[in-house]
Amino acid sequence: MTLHTPPPTQPPQQVAFHRTELNVILGLYGRMVAAGEWRDYGLSHLRDAAVFSVFRRTAEHPLYRIEKRPKLRLRQGQYAVIGMDGQILKRGNDLRQVLRVLERKLIRAVE
């Protein structure tokens with residue numbers, strides 16, 4: 001009797017944020033928490049994308065999603081900021097430039 005062992009398979013590759021990317025994102029997150037705009041976040045590492053979701057409250061849908069999709073690097077840009085309604089607010093290859101759309105929320109008129 002012979003036993004057939006299945007060929008070794010590689011685990012599925014996952015897309016993740018690099019430490020430098022997370023430092024930029026968490027820097028913005030900290031400023032928004034200090035301003036009282038955001039309260040919670042979630043990270044998802046999927047096969048084709050890494051997603052940083054921002055919440056005002058824990059039980060809600062995310063206010064914004066910051067996505068990294070390396071397959072779009074040569075087309076529209078691998079980073080995107082997506083609003084609550086699914087609309088892409090900004091897309092590009094430079095993470096700091098893409099996140100500027102959210103930093104505008106910090107600028108307020110002082111009376």
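On a predicted model such as this, the values are computed, not experimentally measured, just so you know.

J.: Would you take a moment to explain the pattern of salt bridges for this structure?
T.: Note on pairing: side chains with opposite charge can pair once their charged atoms come close. Evaluation of the coordinates by the stated rule reveals 5 salt bridges. Of the charged contacts in the structure, one is a salt bridge between Arg 31 and Glu 103, with a shortest N-O distance of 2.9 Å. With Arg 31 in helix H1 (residues 19-34) and Glu 103 in helix H2 (residues 95-103), the pair connects residues that are 72 residues apart, well separated along the chain. Residue Arg 31 is classed as partly exposed on the basis of its relative accessible area of 38%. By relative accessible area, Glu 103 is classed as partly exposed at 29%. Residue Arg 69 pairs with Glu 67 through a salt bridge whose shortest N-O separation is 3.0 Å. Arg 69 gets classed as partly exposed once you look at its relative accessible area, which sits at 28%. According to the relative accessible area criterion, Glu 67 is buried, its value standing at 7%.

J.: How should I be thinking about the side chain of Gln 78 in this particular structure?
T.: Examined against the element boundaries, Gln 78 turns out to sit in the loop between strand S3 (64-68) and strand S4 (79-83). Overall, Gln 78 belongs to the buried group, its relative accessible area being 13%. If near-sequence neighbours (up to four positions away) are discounted, Gln 78 is found in contact with Glu 67, Lys 68, Arg 69, Pro 70, Leu 72, Arg 73, Gly 92 and Asn 93.

What counts and what doesn't
- Per chain, residue numbering runs from 1 following the sequence as it is written.
- Residue-level local features of this predicted model are given only where pLDDT is at least 70; pairs of side-chain atoms are given and counted only at 80 or more, and the full residue set underlies all totals for whole chains, interfaces and linings.
- Note that water and hydrogens are dropped before the side-chain values are worked out from all heavy atoms of the structure.
- Any carboxyl oxygen of Asp or Glu that lies within 4 Å of a side-chain nitrogen of Lys or Arg is treated as forming a salt bridge with it.
- For the purposes of this entry, the term helix denotes a DSSP run of H or I that reaches at least four residues, the term strand denotes a run of E that reaches at least two, and both are numbered from the N terminus.
- Summary of the burial criterion: residues with accessible area below 20% of their type's maximum are buried, those above 50% are exposed, and those between are partly exposed, where the area comes from a 1.4 Å probe applied to protein chains only.
- Residue contacts are defined here by distance: any two heavy atoms, one from each residue, within 4.5 Å place the two residues in contact.

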